[in-house]
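# Structure at a glance
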Amino acid sequence: MNFLEERIMKDGVVKEGNILKVDSFLNHQLDVELFDKMGAEWAKRFEGVEINKILTIEASGIGIACVAARHFNVPVVFAKKTQSVNLDGEMYTAEVESFTHKNKNQVIVSKKFLDENDKVLIIDDFLANGCALQGLISIINNANATVAGIGIAIEKGFQPGGQIIRNLGYKLESLAIVDGMDHVTGKIIFRD
Ligand code: 5GP
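The sections below set out a description of the structure shown in this document. (Residues numbered from 1 in each chain as written. Predicted model: local features only at pLDDT ≥ 70, side-chain atom pairs only at ≥ 80, totals over all residues. Heavy atoms only, no water.)

## Focus on the environment of Y92
Among the structural elements, Y92 can be located in strand β5 (residues 91–97). Y92 gets classed as buried once you look at its relative accessible area, which sits at 11%. Sequence separation between Y92 and I64 is 28 residues, and the spatial gap between their C-alpha atoms is 23 Å. In this structure, Y92 is in contact with V107, I108, V109, S110, K111, L114, I139, N142 and A143, ignoring residues within four places of it in sequence. (Helix = DSSP H or I, 4+ residues; strand = E, 2+ residues; numbered from the N terminus. Buried < 20%, exposed > 50% of the residue type's maximum accessible area, 1.4 Å probe, protein only. Contact = heavy atoms within 4.5 Å.)

## Notes on the sheet that holds strand β8 (residues 146–156)
Read across the open sheet, the six strands follow the order β4-β3-β7-β8-β9-β10; overall the sheet is mixed. What marks the edges here is a single partner per strand, and that holds for β4 (76–79) and β10 (188–190). Shown here is a sheet whose adjacent strand axes are inclined to one another by a mean of 30°, direction ignored. Summarising the sheet, strand β3 (residues 53–57) and β4 pair through four bridges and their orientation is parallel. (Pairing = 2+ DSSP bridges. Axes fitted to C-alpha atoms, helices over the stretch in contact; angles between N-to-C directions.)

## Remarks on the packing of helix α2 (residues 32–45) against helix α3 (residues 60–72)
Packing of α2 against α3 leaves a shortest axis separation of 8 Å and a crossing angle of 50°. With respect to α3, the element α2 is oriented oblique. The hand of the α2/α3 crossing is right-handed. Residues V32, F35, D36, M38, G39, A40, W42 and A43 of α2 form the contact with α3, whose own contacting residues are G63, I64, V67, A68, H71 and F72. (Parallel < 35°, antiparallel > 145°, perpendicular 65-115°, else oblique. Left-handed = near helix turned anticlockwise from the far one by under 90°.)

Shown next as structure tokens:
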């Protein structure tokens, strides 16, 4: 069991509806030391891959991506979920269905921060059905930039996102893959 799997076993809570609650270290209270280890692990797994930018999505991806970026020495861009007066100029947008909130969001990245020279590592906290990732990938494609790879903290392997993304040919590195969980017993099964 790796360091993230151990932490999920210790502090993760299985909720009804296939939700894994990890708000004591990943989604609300943030364990920055843990994020640093995750960043180091992704840096190892993406060694030799050309990456000049990290792209994530607000809100939970931002902290993880920023700490990971210290291991890649690259800037972080995050896709915004709401239009704001601070968003000016031309923008890339994609529609993303939220697994946790069951609604649709437009995700937005300013054209200023993504272009055809960018080799982008996508970082996010969870991969479930893959909607968030597909939105980010479509924004990168619209910018004529390149998806260099995808780093996910927790993949729920019993949902289809991981397989869809791997079948599309992307290098996807999930630090913990949960293949099954039970909210009654609290049992969590990880992929080897
Ligand atoms: P997807 O778009 O792959 O279906 O879902 C990805 C997003 O949904 C993640 O960015 C995360 O915010 C949220 N998410 C999906 N499943 C879970 C879960 O089991 N627990 C938590 N905390 N968030 C989840």
